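Chain and residue survey
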Amino acid sequence: MAFIVVDKEKCDGCGECIAVCPASVYEFDDDSKSEPVNPEECIECCSCVEVCPKGAIKIDVCEE
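Below: a short report on this structure. (Residues numbered from 1 in each chain as written. Predicted model: local features only at pLDDT ≥ 70, side-chain atom pairs only at ≥ 80, totals over all residues. Heavy atoms only, no water.)

**A word on the pattern of salt bridges**
In the structure shown here, the tally under the stated rule is two salt bridges. Between Lys 8 and Asp 29 there is a salt bridge; the shortest N-O distance is 2.8 Å. Note that Lys 8 is positioned in the loop between strand E1 (4–6) and helix H1 (16–20) and Asp 29 in the loop between strand E2 (26–28) and strand E3 (34–36), a separation of 21 residues in sequence. Its relative accessible area of 28% is what places Lys 8 among the partly exposed residues. (Salt bridge = Lys/Arg side-chain N within 4 Å of Asp/Glu carboxyl O. Helix = DSSP H or I, 4+ residues; strand = E, 2+ residues; numbered from the N terminus. Buried < 20%, exposed > 50% of the residue type's maximum accessible area, 1.4 Å probe, protein only.)

What follows is the structure, given as structure tokens:
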């Protein structure tokens, strides 16, 4: 399972990660920020990391 962290200070709630994720890992939390609610479903494609305009998402397997 991938270790996913969303920096809530950087996340602006644009929803790009929710839209791009093929495994439905993310949903909006109560503050309209991205929350990895199904991290066990992550297929480690790193699409969310690439599409995030604020650089708010870090996944252990996607770091350079």
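**Some points on the state of the cysteines**
The final tally for this structure, using the stated rule, is one disulfide. Through a disulfide, Cys 46 is tied to Cys 62; the S-S separation comes to 1.8 Å. Since a negative S-S torsion denotes a left-handed disulfide, the Cys 46-Cys 62 link at about -85 degrees is left-handed. On the criterion of sequence distance, the pair formed by Cys 46 in the loop between E3 and helix H2 (47–51) and Cys 62 in the segment after strand E4 (57–59) is long-range, its members being 16 residues apart. Under the relative-accessibility criterion, Cys 46 is labelled buried at 15%. (Disulfide = S-S within 2.5 Å.)

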